[in-house]
Amino acid sequence: MARLTMVQALNLAMAEAMRENPNVLVLGQDVGQDEGVFRVTEGLLKEFGPDRCIDTPLAEAAIIGGGVGLAFTGFIPICELQFDGFSFQAFHQIENHVRRFRNRTRGRYTCPMVIRMPYGGGIRAIEHHSEAPEATYAHLAGLKVVIPSGPRNARALLRAAILDPDPVIFFEPKASYRAFREDVPDEPETMPIGRGVVTRPGTDVTLVSYGATLRTTLEAAEELADEHNVDAEVLDLLSVAPLDGALITQSVQKTGRAVVIHEAPRHCGVGAEVVARIVEDSLLYLEAPVKRITGFDTLIPYFSNELTYLPDSARIVQGALETVRF
Amino acid sequence: MPREPLKVPQRIESLSVLTADGRVDKSLEPDIDDADLGQLYKAMLMSRRLDERCLMLQRQGRMGTYGPSKGQEAASLGIAYALAPHDWLVPTFRETAALLYRGWPVHTWMLYWAGHEAGNGVPDGVNDLPICVPIASQCQYGMGIAWGCKLRKDGHVCATFCGDGGTSEGDFHEALNFAGVYNLPLVMVVQNNHWAISIPRSSQTASQTIAQKAIAYGFDGVQVDGNDILGVTVAAREAIEKARTGGGPTLIEAVTYRLSMHTTADDPKKYRKEEEVKVWEERDPLLRFRSYLRKKKLLTAKVEKDMEEEVTAKLAEAVAKYEQIEADPTAFLRHMYADMTPELQAQMAELKAHLGNTAESASAPTEPTQVG
């Protein structure tokens, strides 16, 4: 057991997979000599050499499209995109090829690859470095979209993503990269993709979140308990595609109330899908309308003002209280 | 010293072996045995007749939009001929002759254009990719395949195709750049057929040739007469041998012409002159190859008649086969992931129930809906 940051835990998952399977490769800009701009690939070039930890020229579409070809020749590429905001320069490769090959060739050609990228706000970065585009990718059938919230689940989920036979978009909440440490077991562990977890059991209201806002949501849940006598249950989705509908149903049918929290814009966000599931499966259990506490339907403002945009504990507490007191 | 022309080490050549009237430059004539020449001609003829049949089927409403490769058969076929079976071939959708030569069943080709995923049924034993529709995006995975071959040190090479229009796309340039940086066993073939739907080659790029674009990426380019099966074979053999032995990528510009429409949804009379088409009809790769083979006494009237009959029979067989396909209407849900998600399982049940209900209620025959 070691106390690791998320950066260290992600690094561990890649190093373990690369040791176990010579077909696992890491490629991207600055992943080798520089060890990644966030140091997530630290030590990989040294241990595995330049044919397995590959510094590439600066071209997102070639990193992803090249990864597709590498997958066809039996490799399992872990492609790093330096920031989510630049993933759109590879978007056509992901949409046109990564997600489609299994279906259109009925399994003859597949893309067992992981596309990692830091995402989300909160680190005072310049523009195009703080977006939360998970819903854009979650809408594309054929992809799995995974978002860890802490070091331990980051390691387990990245391992699961590398082992997964289908392409996985792996969003790393960069605000959580070094924000806290957790005990991470020495032995490799995986968590199932497509399954969320109950992070804090409760009875009065279900708070659904993921990524960096999971911690903010947990803080809000403590404040609700301490100051308002509201016992909130917190769900961490971990995967936004597939979504753990059963977990949401189970919790909401118990509490009768739900608030969905994410930093991405509200319109057609993951929250919209969560609310739709609740309406479809649990309408008659609801005691109050479901609320969404999210980013706004705008660009995320420049960093001097980003905290205004990102959901904070006070907005979550307020939303939960409105739901509980409805 | 302050100002002088830079010397770049890359070489750009132009290559042609067989003239339009079937005469050959003996010094460049490739060594191809007679049986192979016969097989190549048969593949070219099959590709041409297949196009003609598919256009007819499309007009009759028995096939969807079709993209013929008439006039471009030699440009892809020479490459396919020079590849080993375990090498990789990454096509667009105008490499019909190449894929037929590689062993793709004719009815599989028809199934694609008839709207069935089974048309992507790559035959066992060849490392081919299915058709790629989004322009030049296949250059990236073609490059990635070559990368994989290099990392595996398996001696395989990857031939990847795009068109002259595709050379304007970023993917083309990114892929060639990576191929140059990593010295990959990639043979990048541009079928310069002079027209990207309505945009002529002259409006696509200010470069004098497409072959010269290789210079920017640090490897050699060759412009070959793409209607000359012998010339394409020579260029392909050299590029493939170079790639296989660690010499890195080559850009082959095969200069050819789209004698027919872009697809059946297009009328080329709107944007190009008949006179231009006539000039290129005289350079038809099939007629040119035929004239060469006749001079070599490999193609007699009897052989041609037999070959046409064989092709006609194979086409009839393929049409019967593709029209009899009974596709599972729910298969598209099953193949989205290795294992179906709970959502897809629920949607499958929903769809099957709906299809079951529809089947029960469809007791009276109805007229097919006409569109447009």
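Everything quoted here is computed from the prediction, not taken from an experiment.

Q: Run through the overall build of chain A, naming residues and quoting values.
A: Helices and strands together make up the secondary structure of chain A, namely 12 helices and 14 strands. The C-alpha atoms of chain A give 19 Å as radius of gyration, which agrees with the globular expectation for 326 residues (20 Å, within 12%). Overall size of chain A, expressed as C-alpha extent along the three principal axes, is 60 × 40 × 40 Å. Split into buried and exposed, the 326 residues of chain A put 58% on the buried side. Across chain A, every contact between residues at least 6 apart in sequence was considered, and the portion connecting residues at least 24 apart equals 80%.

Q: Any chance you could break down the confidence of the model for chain B for me, citing the residues and the numbers?
A: Residue and element names in this part refer to chain B. With 96% of its residues at a pLDDT of 70 or more, chain B has an overall mean of 94. Across residues 364–372, confidence stays below pLDDT 50; counting only partners more than four residues off in sequence or on other chains, it has zero contacts. In the model output, the complex is listed with pTM 0.96 alongside ipTM 0.97.

Q: Could you give an account of the domain arrangement of chain B, with specific residues and numbers?
A: Structurally, chain B comprises domain 1 (12–323) and domain 2 (331–356). Just the C-alpha atoms count here: the centres of domain 1 of chain B and domain 2 of chain B sit 38 Å apart.

Q: How would you summarise the interface of chain A and chain B if you had to cite specific residues and measurements?
A: With 33 residues of chain A at the contact, the number on the chain B side is 32 residues. Contributions of two or more residues to the side of chain A that touches chain B are made by α3 (60–72), α4 (91–98) and α5 (101–104) of chain A. By residue number, the principal contributor to the side of chain A that touches chain B is α3 of chain A, which donates nine residues. Its residues placed into classes, the side of chain A that touches chain B shows 11 nonpolar, 16 polar and six charged.

Q: Account for the packing of helix α9 (residues 245–255) of chain A against helix α10 (residues 270–282) of chain A, naming residues and giving values.
A: Residues and elements named next belong to chain A. At a closest axis distance of 10 Å, the pairing of α9 and α10 adopts a crossing angle of 60°. Relative to α10, the crossing made by α9 is right-handed. Two secondary-structure elements touch here, α9 through Gly245, Ile248, Thr249, Val252 and Gln253 and α10 through Val274, Arg277, Ile278, Asp281 and Ser282.

Q: Report on the environment of valine 324 of chain A, specifying residues and quantitative values.
A: Residues and elements named next belong to chain A. Here valine 324 is to be found in helix α12 (residues 313–324). A sequence separation of 258 residues divides valine 324 from glycine 66, and the C-alpha atoms of the two residues are 51 Å apart. Beyond its immediate chain neighbours, meaning those up to four positions away, valine 324 contacts Asp204, Val205, Val230 and Arg257.

Q: An account of the sheet that holds strand β10 (residues 205–209) of chain A is needed here, citing residue identities and associated values.
A: Within a sheet, neighbouring strands are paired by backbone hydrogen bonds and run either parallel or antiparallel to one another. All names here are of chain A. Judged by pairing direction, the sheet is mixed, and its five strands sit side by side in the order β9-β11-β10-β13-β14 without closing on themselves. Sheet topology places β9 (197–200) and β14 (291–295) at the edges, where each strand pairs with a single neighbour. Going from strand to strand, the sheet's axes swing by 25° on average, the running direction of each strand aside. Relative to strand β11 (residues 232–236), β10 runs parallel, the two sharing five bridges. Its bridge partner being in β11, threonine 206 is matched across the sheet by glutamate 233. Where α12 meets the sheet, its contacts fall on β10, β11, β13 (258–265) and β14, and the angle it forms with β14 comes to roughly 165°.

Q: Run through helix α8 (residues 213–228) of chain A, naming residues and quoting values.
A: Residues and elements named next belong to chain A. Its 16 residues give α8 an end-to-end C-alpha distance of 21 Å, which sits within 8% of 22 Å, the value for a rise of 1.5 Å per residue. Every buried residue of α8 is listed here: Thr213, Leu214, Arg215, Thr216, Thr217, Leu218, Ala220, Ala221 and Leu224. Buried positions along α8 lie against β9, β10, β11, β13 and α12.

Q: Explain the domain arrangement of chain A to me, using residue names and the numbers behind them.
A: Many descriptions give the size of an interface as the accessible area lost when the pieces come together. All names here are of chain A. Assigned domains within chain A: domain 1 (2–184) and domain 2 (197–324). Centre-to-centre, using C-alpha coordinates, domain 1 lies 26 Å away from domain 2. In this assembly, 25 residues from domain 1 lie in contact with 22 residues from domain 2. Classifying every residue of the side of domain 1 that touches domain 2 gives 13 nonpolar, seven polar and five charged.

Q: Describe helix α11 (residues 285–295) of chain B, and please don't skip the residues or the numbers.
A: Residue and element names in this part refer to chain B. Residues Pro285, Arg288, Phe289, Tyr292 and Leu293 constitute the buried set of α11. An end-on view of α11 places all buried positions within 130° of arc, on one side of the element. In the core, the buried residues of α11 are packed alongside α1 (34–59), α2 (73–82) and α9 (229–244). Once α11 finishes, lysine 297 follows within two positions and takes phi at roughly 60°, a positive value.

Q: Describe in detail the sheet that holds strand β8 (residues 220–225) of chain B, supporting the description with residues and values.
A: Residues and elements named next belong to chain B. Taken together, seven strands build an open sheet; the order of strands is β1-β8-β9-β5-β4-β2-β3 and the sheet is parallel. In this open sheet, the two strands that pair with only one neighbour each are β1 (12–15) and β3 (127–128). Bridge count for strand β5 (residues 186–192) against strand β9 (residues 250–255) is six bridges, and the pairing is parallel. For asparagine 192, the partnering residue across the bridge sits in β9 and is valine 255. Across the sheet, helix α5 (residues 138–152) lies against β2 (88–90), β4 (158–163) and β5, angled at about 170° from β4, the strand it touches most. Lying over the sheet, α9 contacts β1, β5, β8 and β9, oriented at roughly 170° with respect to β9.

Q: Go over the pairing of β14 of chain A, please, and point to the residues and values.
A: Residues and elements named next belong to chain A. Burial runs high along β14: four of the five residues are buried. Relative to β14, β13 runs parallel, the two sharing five bridges. Along β14, the bridge assignment pairs valine 260 with arginine 292.

Q: Would you mind going over unusual backbone geometry in detail, with residue names and values included?
A: Residues and elements named next belong to chain A. Note the cis peptide between alanine 241 and proline 242, where omega equals -5°. Mapped onto the fold, proline 242 is located in the loop between β12 (239–241) and α9. Within the chain, arginine 39 stands out as a residue other than glycine whose phi angle is a positive 70°. Positionally, arginine 39 belongs in the loop between β2 (24–28) and α2 (44–48). A count of 16 C-beta atoms within 10 Å places arginine 39 in the partly exposed class.

Rules of the game
Residues numbered from 1 in each chain as written. Chains lettered and ligands numbered in written order. Predicted model: local features only at pLDDT ≥ 70, side-chain atom pairs only at ≥ 80, totals over all residues. Helix = DSSP H or I, 4+ residues; strand = E, 2+ residues; numbered from the N terminus. Rg over C-alpha atoms; globule rule 2.2 N^0.38 Å. Buried ≥ 20, exposed ≤ 12 C-beta atoms within 10 Å, placed from the backbone. Contact = placed C-beta atoms within 7 Å. pLDDT = per-residue confidence, 0-100. Domains from an automatic or database assignment. Nonpolar A, V, L, I, M, F, W, Y, C, P; charged D, E, K, R; others polar. Axes fitted to C-alpha atoms, helices over the stretch in contact; angles between N-to-C directions. Left-handed = near helix turned anticlockwise from the far one by under 90°. Pairing = 2+ DSSP bridges. Expected span 1.5 Å × (residues − 1). Arc of directions from axis to C-beta.

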